[in-house]
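For reference, the chains in residue letters:
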Amino acid sequence: NAGVTQTPKFQVLKTGQSMTLQCAQDMNHEYMSWYRQDPGMGLRLIHYSVGAGITDQGEVPNGYNVSRSTTEDFPLRLLSAAPSQTSVYFCASSYDIYTEAFFGQGTRLTVV
Amino acid sequence: DAKTTQPPSMDCAEGRAANLPCNHSTISGNEYVYWYRQIHSQGPQYIIHGLKNNETNEMASLIITEDRKSSTLILPHATLRDTAVYYCIVRGPTGRRALTFGSGTRLQVQP
């Protein structure tokens, strides 16, 4: 099992560019979520999904879109990148609300 | 989900037990207590969780007070590799269906 795989690991964007951060899991987990972590801070929830076709907003959803067309994948789209979106992004998955969540290794995004 | 309060930082000597406290005075009867840790810049790692009984696994022990208003994560023999930020999270069937992280406790294990 690969667990939770995030790609790319590093990315530099120019202000105004768009991109998609990929997240895939091979554990057949229904629950998936995206977080961002700014330097020296805790993780903040961006969006999450409780199953294919179902998504909801977290604490900091503005500037990000998500969709969940399959159980395995949960991509995060930045519509028009801003320097304030410079951060490390983590994806997580779990079987249900009570079981342990598995995290990817993160994507380090810099917007210049 | 109930709010949690943790000290911002703690030190522990290598080989000694590390006891990390967490207050969750507004916890409700069907909410669990979870502990995760984040080593340096890696993705968070699950440690342990419990409802009301004390729990133990290969990584740690979780002690929950009888009134469930606080808990303690115990790393029995801390090593330098246990240096990390430890997050206490309360989670139940209502509320947001994703983990919500606070600021955690930064544990520094000293040689």
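### Points about the interface of chain B and chain A
Then, number 1: Opposite the 22 residues of chain B that make contact, chain A presents 23 residues.
Then, number 2: Across the chain B to chain A interface the summed buried area is about 1900 Å²; carbon plus sulfur atoms make up 55%.
Then, number 3: Considering only the side of chain B, the residues that lose the most area to chain A are Arg-96, Arg-97 and Phe-101 of chain B, jointly responsible for 28% of the buried surface there.
Then, number 4: Counting across the interface, chain B meets chain A through 0 salt bridges.
Then, number 5: In this structure, the connection of chain B to chain A is made through 7 residue pairs in polar contact (both at pLDDT 80 or more).
Then, number 6: Counting residues per element, the ones that place at least two in the side of chain B that touches chain A are β3 (32–38), β4 (45–50) and β8 (84–91) of chain B.
Then, number 7: The dominant element in the side of chain B that touches chain A, judged by the number of residues it contributes, is β3 of chain B, at 4 residues.
Then, number 8: Per-class residue counts for the side of chain B that touches chain A are 10 nonpolar, 9 polar and 3 charged.

### Observations concerning the state of the cysteines
Then, number 1: Enumeration over the complete set of coordinates arrives at 2 disulfides over all chains.
Then, number 2: Here Cys-23 of chain A pairs with Cys-91 of chain A through a disulfide, and the sulfurs are 1.8 Å apart. Negative torsions about the S-S bond denote left-handed disulfides, and the value of about -75° found for Cys-23 of chain A with Cys-91 of chain A makes this one left-handed. One end of the pair, Cys-23 of chain A, is in strand β3 (residues 19–25); the other, Cys-91 of chain A, is in strand β9 (residues 87–94), and 68 residues separate them in sequence.
Then, number 3: Of the cysteine sulfurs around Cys-12 of chain B, a residue in no disulfide, the closest is that of Cys-22 of chain B, at 18 Å.
Then, number 4: Judged by relative accessible area, Cys-12 of chain B falls into the buried class, the value being 7%.

Basis of the calculations
- Residue positions are given per chain, counting from 1 as you read along its sequence in written order.
- For this description, chains carry letters from A and ligands carry numbers from 1, given in the order in which they are written.
- Reporting in this predicted model follows two pLDDT cut-offs: at least 70 for local features of residues, and 80 or more for side-chain atom pairs to be given and counted; totals over whole chains, interfaces and linings ignore these cut-offs and use all residues.
- Here the side-chain values reflect all heavy atoms present in the structure, with hydrogen atoms and water set aside.
- The contact definition used throughout considers only heavy atoms, calling two residues in contact when any of these lie within 4.5 Å.
- Accessible surface is computed with a 1.4 Å probe, and the buried area is the amount of it that two parts give up when combined, taken over both parts together.
- Counted as salt bridges are all cases of a side-chain nitrogen of Lys or Arg within 4 Å of a carboxyl oxygen of Asp or Glu.
- Whenever two N or O atoms come within 3.5 Å, that pair is a polar contact, provided that in protein one can donate a hydrogen and the other can accept it, and provided that, for residues adjacent in sequence, both atoms are side-chain atoms.
- Each helix corresponds to a stretch of at least 4 residues labelled H or I by DSSP, and each strand to a stretch of at least 2 residues labelled E; elements are numbered beginning at the N terminus.
- Residues are grouped as follows: nonpolar covers Ala, Val, Leu, Ile, Met, Phe, Trp, Tyr, Cys and Pro; charged covers Asp, Glu, Lys and Arg; every other residue, Gly included, is treated as polar.
- Two cysteine sulfurs form a disulfide in these notes if their separation is within 2.5 Å.
- Partly exposed describes any residue whose relative accessible area lies between the buried limit of under 20% and the exposed limit of over 50%, with all areas from a 1.4 Å probe on protein chains only and scaled to the type maximum.

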